[in-house]
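Summary of the model geometry
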Amino acid sequence: MSKTIAINAGSSSLKWQLYSMPEEEVIAKGLIERIGIADSVSTVKFKGQTETETVDIADHTQAVKILLDDLIRLNIISDYEEITGVGHRVVAGGEYFQDSVLVDEKVIEQVEELGLLAPLHNPANAAGIRAFKEILPDITSVVVFDTAFHTTMPEVAYRYPIANRYYKEYKVRKYGAHGTSHQYVAQEAAKILGKPIEDLKLVTCHIGNGVSITAVDGGKSIDTSMGLTPLGGVMMGTRSGDLDPAIIPFLIDREPELANAEKIRTVFNRESGLLGVSGTSSDMRDIIAGQEAGDHDAALAFDMFVDRLKKYIGQYIAVLNGVDAIVFTAGIGENAPEVREAVISGISWFGAELDLEKNASGSEGIISKDDAKVKVLIVPTDEELVIARDVERLKKS
Ligand code: ADP
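Residues numbered from 1 in each chain as written. Predicted model: local features only at pLDDT ≥ 70, side-chain atom pairs only at ≥ 80, totals over all residues. Heavy atoms only, no water.

If you check an unreviewed UniProt entry, the protein appears there as Acetate kinase from Streptococcus pantholopis. The record in UniProt for the protein states the following under Sequence similarities (unreviewed entry): "Belongs to the acetokinase family." UniProt's Subcellular location (unreviewed entry) comment on the protein is quoted here verbatim: "Cytoplasm". (UniProt positions renumbered as here; feature names shortened; annotations may be inferred.)

Here is the structure:
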């Protein structure tokens, strides 16, 4: 038995999950928030208990130290040596990484270099990797990329119809994201459907704060809605998704201070989506409550969100030239029957029809009617488990 830790580092947070492998049993999990901000909070959950500690944490190295100290202090491990592997989730792998890899200095430098594609995430991911290398230099250390699953996309899908030189010089192309999640739920869906994944055409819908839709043909991603960065595709919590690109110069003509990369990124990444349209919240629970209370802007935000999901699912049914199942996952996909019902009832022509009771109960598995031509499923995502499995896989190689 060995213990493997899966790490998901954000700009000011570090989420972790400790597994006993190969049993795939979760021993403990936790979250460190407000790194680099006063009153950082470390939460550890294990054996049904939750421990919370407030302490100033300056950076990711210190966060990793606190997390490892917590594991010993709470008797979850008795010695650092018990941890034999660590897997780090990295958002952008660019064209360098088609699969998870063992960490070395070059890999860390490439992750840092790819910060241009994921400025909010990759620098934090690299800091987490360095912190573990410093404290536990000898354990198996693996990086798992959100983009790797999408490297099977054909050129026709990943290129943008702009001058070639932007691709040649700057690698401006679609990379997608949420790859570990799409891959995991596609594999789980095949198990639930009792068919080899090679025989299935699936549309997987990861609908959380970030939202992405993927066309999975025979287990391979052939197109996905996020683009060069996670801003592209469908409408999200605070991100716009696809727009007419002329909106940007149009706004700059009217508000010249927007002619600044950071400002324009903020407008479309942090002030748009459900938040921008509702004017009140990026959280789907608030949007549904607002809609039920008769708030016009919340209702419009809900309807636009559903409309964009339907359009992408429809596109991917066309790209796949058919579909066996539509899979819902992540915070909204797993927990909001209202969204699933609105999306599926709007595309029933394709042969998908929900069993409304199963949809309302929200349990994992098939939620379409028994005789529906296209199955609809809820599959809870588990990105941390994919990370832990990849550490095991690369340890043996
Ligand atoms: P992230 O992309 O940050 O990992 P999650 O996958 O946790 O996000 O999804 C967060 C979203 O899930 C939020 O919009 C939240 O409102 C939504 N959500 C969570 N639970 C429910 C629920 N019971 N009903 C509707 N929406 C929910």
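Inspection of the region around the ligand gives G208, N209, G210, S282, D283, M284, R285, A330, G331, I332, N335 and A336 as its neighbouring residues. Within the contact set of the ligand, an oxygen atom lies 2.9 Å away from a backbone nitrogen or oxygen of G331. Here N335 contributes a backbone N or O atom positioned 3.3 Å from a nitrogen atom of the ligand. Protein contacts shield 68% of the accessible area of the ligand, which totals 580 Å² for the unbound molecule. Looking at which element gives the most residues to the shell around the ligand, the answer is helix α12 (residues 330–335), with four residues. Per-class residue counts for the shell around the ligand are four nonpolar, six polar and two charged. (Near = heavy atom within 4 Å. Polar contact = N/O pair within 3.5 Å; in protein donor to acceptor, adjacent residues only side chain to side chain. Areas by Shrake-Rupley, 256 points an atom, 1.4 Å probe, with all protein chains shown as cover. Helix = DSSP H or I, 4+ residues; strand = E, 2+ residues; numbered from the N terminus. Nonpolar A, V, L, I, M, F, W, Y, C, P; charged D, E, K, R; others polar.)

Another aspect to go through is the packing of helix α2 (residues 105–113) against helix α3 (residues 122–135). Axis separation between α2 and α3 bottoms out at 8 Å; the angle between their running directions is 160 degrees. Taken together, the axis directions place α2 and α3 in an arrangement best described as roughly antiparallel. As α2 runs across α3, the sense of the crossing is left-handed. Contacts from E105, I108, V111 and E112 of α2 reach α3 at N122, A126, I129, R130 and K133. (Axes fitted to C-alpha atoms, helices over the stretch in contact; angles between N-to-C directions. Parallel < 35°, antiparallel > 145°, perpendicular 65-115°, else oblique. Left-handed = near helix turned anticlockwise from the far one by under 90°. Contact = heavy atoms within 4.5 Å.)

Those residues of helix α8 (residues 261–270) lying buried are I264, V267, F268 and N269. Summarising the contacts, the buried residues of α8 are in contact with α7 (247–254). (Buried < 20%, exposed > 50% of the residue type's maximum accessible area, 1.4 Å probe, protein only.)

This brings us to the UniProt feature "binding site: Mg(2+)" (unreviewed entry) in the protein. In the UniProt entry, the feature "binding site: Mg(2+)" (unreviewed entry) is given for N8 and E383. On the basis of their most widely separated C-alpha atoms, the annotated residues across 376 residues gather in one place, lying no more than 9.3 Å apart. Note that N8 resides in strand β1 (residues 2–9). Assessed through its relative accessible area of 12%, N8 is described here as buried. If sequence neighbours within four positions are ignored, N8 has contacts with S13, L14, K15, R89 and E384. Topologically, E383 is positioned in helix α15 (residues 383–396). Not counting residues within four places of it along the chain, the set of residues in contact with E383 comprises R89, T180, S181 and H206.

Take the packing of aromatic side chains next. According to the stated counting rule, one finds six aromatic pairs in the structure shown. Seen from their ring centres, Y96 and F97 are 6.0 Å apart, and the 75 degrees between their planes marks the pair as edge-to-face. Look at F97 and F145: their rings are 4.2 Å apart centre to centre, the planes differ by 10 degrees, and that puts the pair in the stacked class. Of this pair, F97 sits in the loop between β6 (83–90) and β7 (101–102) while F145 sits in strand β8 (residues 140–145), and the two are 48 residues apart along the sequence. In this pair, the class of F97 matches that of F145, namely buried. (Phe/Tyr/Trp six-rings, centres within 6.5 Å; stacked < 30°, edge-to-face > 60°.)

With that out of the way, let us pick up unusual backbone geometry. Here the bond from M21 into P22 is cis, since omega is 5 degrees, no more than 30 degrees from zero. Along the polypeptide, P22 turns up in the loop between β2 (14–21) and β3 (25–33). Phi at R34 takes a positive value of approximately 60 degrees, unusual for a residue other than glycine. Here R34 lies in the loop between β3 and β4 (41–46). Although it is not a glycine, K171 adopts a positive phi angle of roughly 60 degrees. By secondary structure assignment, the location of K171 is in the loop between α5 (164–170) and α6 (179–193). Looking at K171, the relative accessible area reads 34%, which means it is partly exposed.

What follows covers the sheet that holds strand β14 (residues 375–378). In space, the six strands of this open sheet follow the order β11-β10-β9-β12-β14-β13, with mixed pairing throughout. Across the chains shown, the open sheet's two edge strands, defined by having one partner strand only, are β11 (220–224) and β13 (365–366). Across the sheet, helix α11 (residues 296–320) is in contact with β9 (201–207), β10 (211–217), β11 and β12 (325–329); its angle to β10 comes to roughly 15 degrees. Against the sheet, helix α13 (residues 337–345) touches β12 and β14, its axis set at about 155 degrees to β12. (Pairing = 2+ DSSP bridges.)

α11 packs onto helix α10 (residues 284–292) with a crossing angle of 120 degrees between their chain directions and a minimal axis gap of 7 Å. Between α10 and α11, the crossing angle belongs to the class labelled oblique. Classified by chirality, the crossing of α11 by α10 is left-handed. For the pair α10 and α11, contact is made by M284, I287, I288, G290 and Q291 and by A298, A299, A301, F302, D303 and F305, respectively.

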